[in-house]
Amino acid sequence: QAREVSLTSKPFEPPIHTLQQETQVHPTYFMSLALISKHSLIRATKHVTTKNPRSFQNALYIGKINFKSASTSSLQSSIQPNTNRKLFDDASDSMNLFHFSIANNHDDTIRDLDKVEHKKSTKNNSSNKKGIAEEVVADHAWRQLNHIWSDEEIKKQMATKNQKHKPVTQEDKIMKMIMQAMYHSFNTMTGYRHEDPTAKSIEWRLIILESFAGVPGFLAAAFRHFYSLRALKRDHGSIYTFLEEAENERMHLLVCLKMFKANSITRALVIAAQVTMTPFLMMTYAISPSAMHRFVGYLEETAVDTYSNIIHHCEKEGTNLHKEWSQLQAPAIAKSYWALDKDASWVTCLKHILADEAHHRDINHTFAELPPNAENPFIKEHMKDFDRAVMRKTEKVMRDSLMRY
């Protein structure tokens, strides 16, 4: 906000930090600084009247220095190119126009700002009454962060559909045998066939599969959480990985439920699967954590195989799935969760689910072979996902701010 100075004093000149010394700071710092400076300038002008023109001049000066310092020399050496660069060019132009309009008729500008603030307050109040939209909550930038897959990464994950773990130990063989028995009985129960499956046989298959797939990750996180408390030891970051896995599978389920409904039979099977399999998984993890992770690894292999087959038939003309699903749009929560394009298709959504399942396969097979109390080898991936989420969120906030003001 503007500082009060006497009319006879020189215009206030705030010290400019040598931003060249801060070029190693994360780009988000500069983006946030630019955004904060703009909002500070807007708030400052609202407290300015024509009775104190020097204070008004200082407000403009402070805002210009802060914003332009953050969006020029420092950003050239720290911010990433393309989208972010254009974003700041647009922001700088917007600020210049804002300065001009205030300098020429700041009384009108202040009245306009009051209208904007009132409109924003009214909009926020109305949105709170209606509740938060599902697609807004689906953006996981504020909770368990999921990986946002690039097109190249999805191609690599889809190419691993035939990647299968060969049982080595007796424990591996037992888990593989149990998984195979469950897989074939599940195919018979749902009426699923590998060649040209029908959309109806896939719908309730995916609902049951995803409702069950969200259980093991949460159980693993709970066991490790209680062990850490009981043993007074660190977990080395594994709890977070399993919670993210459980949340990821739950989001798969919610996305599927947006595309097709669960009838009473499907709901009964979901409950039956959870009631019978949860005790089995708990007992398995209590005896041998590696055995449960191996079991989940085999489960994810079947999931990758199923989704690969579904995508293949969706893209193959003349098949049941191509007729039923090839023209469908992805639901809004899927677009938000995986940061998909506005016109993303249901098939694109299925490819992202496949990529997630392939990643879970690799995670569980890795943990099945890790020694107890080993460091989580996936923790750096979480850190990178967080950095990318911060960048996406900051860009969105800045765009919304520029459009609002």
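The written sequence of each chain sets the order in which its residues are numbered from 1. For a predicted model such as this one, the threshold for reporting local features is a pLDDT of at least 70, and the threshold for listing and counting side-chain atom pairs is 80 or more; totals across whole chains, interfaces and linings nevertheless cover every residue. To obtain the side-chain values, all non-hydrogen atoms of the structure were used and water was disregarded.

Chemist: Tell me about the overall build of the protein chain, and please be specific about residues and values.
Modeler: Helix and strand assignments follow DSSP, with helices taken as H or I runs no shorter than four residues and strands as E runs no shorter than two, numbered in order from the N terminus. Within the protein chain, the regular secondary structure consists of 16 helices and 0 strands. To sort residues, take the accessible area from a 1.4 Å probe on protein chains only and compare it with the maximum for the residue type: under 20% means buried, over 50% means exposed, and anything in between is partly exposed. A buried classification covers 45% of the 405 residues belonging to the protein chain. Here a residue-residue contact requires only that any non-hydrogen atoms of the pair lie within 4.5 Å. Residue pairs in contact within the protein chain that sit at least 24 positions apart in sequence constitute 78% of those at least 6 positions apart. For the protein chain, the exposed area adds up to about 22,100 Å²; of that, 58% sits on carbon and sulfur atoms. Here the open area of atoms and residues is found with the Shrake-Rupley method and a 1.4 Å probe, where only the protein chains shown may cover a residue.

Chemist: Requested: an account of the packing of helix α12 (residues 289-315) against helix α15 (residues 346-369), with residues and values cited.
Modeler: The axes are straight lines fitted to the C-alpha atoms, using for helices just the contacting stretch, and the angles between their N-to-C directions are given from 0 to 180°. It is at 8 Å that the axes of α12 and α15 come closest, and there the two elements cross at 160°. As judged from the angle between their axes, α12 and α15 are roughly antiparallel. Considering only the axes of α12 and α15, their crossing is left-handed. Split by residue class, the contact of α12 with α15 holds 15 nonpolar, 7 polar and 8 charged. Reported orientations rely on four angle classes, namely roughly parallel under 35 degrees, roughly antiparallel over 145, roughly perpendicular from 65 to 115, and oblique for the rest. Rotating anticlockwise by less than a right angle from the far helix to the near helix defines a left-handed crossing, while the corresponding clockwise rotation defines a right-handed one. Classification used: nonpolar for Ala, Val, Leu, Ile, Met, Phe, Trp, Tyr, Cys and Pro, charged for Asp, Glu, Lys and Arg, polar for all others including Gly.

Chemist: Before we move on, can you summarise the pattern of salt bridges with the specific residues and values?
Modeler: A carboxyl oxygen of Asp or Glu within 4 Å of a side-chain nitrogen of Lys or Arg is what we treat as a salt bridge. Overall, the coordinates contain 10 salt bridges when judged by the stated rule. Among the charged side chains, a network of salt bridges with common partners joins Asp-172, Arg-294 and Glu-369.

Chemist: Explain the confidence of the model for the protein chain residue by residue, including any values.
Modeler: The quantity known as pLDDT measures the predictor's confidence residue by residue, on a range of 0 to 100. On average, residues of the protein chain carry a pLDDT of 77, and 66% of them reach 70 or more. Mean pLDDT values over the elements of the protein chain span from 43, in helix α3 (residues 73-78), up to 97, in α15. Across residues 1-27, where pLDDT falls below 50, the model places 45 contacts with residues more than four positions away in sequence or in other chains. Across residues 90-114, where pLDDT falls below 50, the model places 33 contacts with residues more than four positions away in sequence or in other chains.

Chemist: So, the packing of aromatic side chains: which residues are in play, and what are the values?
Modeler: Within 6.5 Å between ring centres, the rings of Phe, Tyr and Trp (the latter by its six-membered ring) count as paired, and their orientation is classed by plane angle as stacked under 30 degrees, edge-to-face over 60, tilted in between. Applying the stated rule across the entire model yields 8 aromatic pairs. When the centroid spacing of 5.8 Å and the interplanar angle of 15° are considered together, the rings of Phe-260 and Trp-325 count as stacked. With Phe-260 in the loop between α10 (238-259) and α11 (264-287) and Trp-325 in helix α13 (residues 320-325), this pair connects stretches of sequence that are 65 residues apart. Using a relative accessible area of 5% as the deciding quantity, one classes Phe-260 as buried. Overall, Trp-325 belongs to the buried group, its relative accessible area being 4%. Linked through ring pairs, Phe-242, Phe-367 and Phe-378 together constitute an aromatic cluster. Across from the ring centre of Tyr-192, 4.1 Å away, lies the NZ or CZ of Arg-205, which sits over that ring. The criterion is that NZ of a Lys, or CZ of an Arg, lies within 6 Å of the ring centre and within 35 degrees of the ring normal, and then a charge sits over that ring.

Chemist: Mind laying out the side chain of Ser-308, listing which residues take part and the relevant values?
Modeler: Along the chain, the position of Ser-308 falls in helix α12. Ignoring any residue separated from it by four or fewer positions in sequence, one finds Ser-308 in contact with Lys-161 and Leu-354.

Chemist: Please set out the environment of Phe-367 residue by residue, giving values where relevant.
Modeler: Within the secondary structure, Phe-367 is located in helix α15. Sequence-distant contacts of Phe-367, defined by excluding residues within four places in its chain, comprise Ser-238, Thr-241, Phe-242, His-293, Asn-376 and Phe-378.

Chemist: Any chance you could break down the side chain of Thr-190 for me, citing the residues and the numbers?
Modeler: Take Thr-190: it is sitting in helix α8 (residues 170-190). Relative accessible area serves as the criterion here: at 4%, Thr-190 is assigned to the buried category. For this analysis, a polar contact is any N or O atom pair within 3.5 Å, provided that within protein one partner can donate a hydrogen and the other can accept it, and provided that sequence-adjacent residues contribute only side-chain to side-chain pairs. Here the side chain of Thr-190 touches Phe-186 through a polar contact of 2.9 Å, landing on its backbone oxygen.

Chemist: Give a description of the nonpolar core that names residues and reports values.
Modeler: Think of a nonpolar core as a cluster: buried Ala, Val, Leu, Ile, Met, Phe, Trp, Tyr and Cys residues, connected wherever their side-chain atoms sit within 4.5 Å. In terms of nonpolar packing, the biggest core is built from 61 residues, with Ile-310, Trp-325, Trp-338 and Leu-350 touching the most fellow members. For this core, the elements supplying multiple residues, two or more each, are α8, α9 (199-231), α10, α11, α12, α13, α14 (332-337) and α15. Ignoring any residue separated from it by four or fewer positions in sequence, one finds Leu-350 in contact with Tyr-307, Ile-310, Ile-311, Cys-314 and Trp-325.

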